[in-house]
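One letter stands for each residue in the lines below.
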Amino acid sequence: MKITVIGAGYVGLVTAVCLAEVGHEVLCAKKTTRNLDKLRNGISPIYELGLTEMLQSNLKRGRIEFTTDMEKAVEFSDVIFICVGTPSNQKGEADLDQVFEVSRSVAEHMDRYKLLIEKSTVPVNTHQKIEKIMSSITDIEFEVASNPEFLSEGNSVHNFMHPHRIVVGVASERARKIFQEIYEPFTSEGYPLLFSDVASAEIIKYASNAFLAIKISYINMIADLCEKTGANIDYVSRGVGLDHRIGDKFLDAGLGYGGSCLPKDVNALIETYQEYQLDNGLLVETRKINQQRREKFYEDIMEALEKVDGKTITIWGLAFKPNTDDIRAAPAVDIVQKLKESGAKLKLYDPQAKENFSRKIPEEGNITYYQDKYEALEDSDALVIITDWKEFEEPDMDKIKELMNSPNIFDGRNILDKELMAQKEFNYYSMGR
Ligand code: UGA
């Protein structure tokens, strides 16, 4: 099937490449020529496991192409996925400017029926707004459907190819049939395709992300109780998570959630509740608990080190989570900024996110970036772990002790073994243990 994907960012590119992988003929349109040559030459501008290989093999098979020509993109197919960004605006609402711009452009260029698919995360009833915009421009028949993405960064190719569920909100039998055809390669493998009305599909996306955020803030709230009472959140998380009704995922206590999705979607849902005059207290509290994790961690460091000014602190982990170079809304941004302001000398290490992070907090004065995690520890007064990269899980503790000035470790993700830290005589601080 011929499919147009508009947007070649993280969602657009993964969607386009994976749809080509299962046999569709895909034209991926982007607004600017930035990275266009790279994409055409099989170089993915984003770091995502398996994406480059899949992009290259589908370019070779001739199943995917890239363009900046919107007219060509609209002409190419009757099925158009909208995968442009919906970032938070000043108020915290989802900024839909790009979605509306694409809708206008499709309406202006179309000469036959089109099915527009919201893949980007958009608030409930955005489809009605798109319909209104398009109807004011064209009389030609079109439909708007919702097919939210559930891709988790670092793992998104795998998530797309092996979905827990494919959610589709449609208003007609015609649109339903189109989706059955698009996703036949998945349904034939047994992956569930859930149809609903369009508004429900729009809500499913927010309800899912907000639920994950609530789960994280909930376990972090319990972690505080553990810390005060001498209990250990590791045991508590495990004990709670073994109940199948609750599940053991997203119960890792620590510095809370960051990234470009959970914080943005909780904010947007808070605003939606406000718009419909519904009580948004649970969501507001979720966001508050999440923000407090970073502040608490910073204060714990300050308290333990007494005087931070002039001390050398090593940071391991800058990305908002492992296996990505993304630093959007990452706890590290707030924590490093605060430590910088407090006058500490900072040595930063991350396996993937150094480049992005140094654009935000450049290497100058008291800030130095390192290529090697041990090198970053030389003469350090404290090690602060912010991201749970696998390579931080079992480091050489004797080597670490030898390299550091003082054996202080602040583990914001509870990834080190508490007993081992005591054995090796580190001053070890973690969250809720
Ligand atoms: C999230 C959802 O998991 C995806 O299903 C969704 O499609 C995506 O948002 C999106 O809307 O595009 P993502 O933001 O990539 O995916 O990352 P997550 O794996 O959800 O992690 C979010 C944050 O929560 C990270 O900062 C992570 O460190 C933190 N986290 C996660 C915890 O603090 N504790 C946990 O137990 C799990």
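Conventions used here
Residues numbered from 1 in each chain as written. Predicted model: local features only at pLDDT ≥ 70, side-chain atom pairs only at ≥ 80, totals over all residues. Heavy atoms only, no water. Domains from an automatic or database assignment. Contact = heavy atoms within 4.5 Å. Buried area = accessible area lost by both parts, 1.4 Å probe. Helix = DSSP H or I, 4+ residues; strand = E, 2+ residues; numbered from the N terminus. Near = heavy atom within 4 Å. Polar contact = N/O pair within 3.5 Å; in protein donor to acceptor, adjacent residues only side chain to side chain. Areas by Shrake-Rupley, 256 points an atom, 1.4 Å probe, with all protein chains shown as cover. Nonpolar A, V, L, I, M, F, W, Y, C, P; charged D, E, K, R; others polar. Phe/Tyr/Trp six-rings, centres within 6.5 Å; stacked < 30°, edge-to-face > 60°. Lys NZ or Arg CZ within 6 Å of the ring centre and 35° of its normal.

(A) Representation of the domain arrangement of the protein. On domain assignment, one finds that the protein holds domain 1 (2–196), domain 2 (210–286) and domain 3 (292–429). Taking only C-alpha atoms into account, the centre of domain 1 sits 30 Å from that of domain 2. If you look at the interface, domain 1 gives 12 residues, while domain 2 gives eight residues. Buried surface at the junction of domain 1 and domain 2, summed over both partners, amounts to about 740 Å²; 48% is from carbon and sulfur atoms.

(B) Seen up close, unusual backbone geometry. One non-glycine residue, N125, lies in positive phi territory at about 75°. With respect to the element layout, N125 can be found in the loop between β5 (114–118) and α6 (126–135). Even without a glycine there, the phi angle at E306 is positive, about 60°. As for its position among the elements, E306 is in the loop between α13 (281–305) and β9 (312–316).

(C) Structural context of the site of the ligand. Taken together, 21 residues form the shell around the ligand, and within it E149, L151, E153, K205 and N209 come nearest. A distance of 2.8 Å separates an oxygen atom of the ligand from a polar backbone atom of L151. Interatomic distance of 3.3 Å between a side-chain N/O atom of R413 and an oxygen atom of the ligand. Protein contact buries 91% of the 720 Å² of open area that the ligand shows by itself. Residue assignment for the shell around the ligand shows that the elements contributing at least two residues are α10 (198–229) and α12 (262–275). The element that contributes the greatest number of residues to the shell around the ligand is α10, accounting for four residues. Tallied by class, the residues present in the shell around the ligand amount to 10 nonpolar, four polar and seven charged.

(D) Region of interest: the packing of aromatic side chains. Scanning the entire structure with this criterion turns up seven aromatic pairs. Connected via pairs of aromatic rings, a cluster forms that spans F160, F179, Y183 and F186. Note that R165 overlies the ring of F150, its terminal NZ or CZ placed 3.6 Å from the centroid. Against the face of Y374 rests K399, its NZ or CZ located 4.2 Å from the ring centre.

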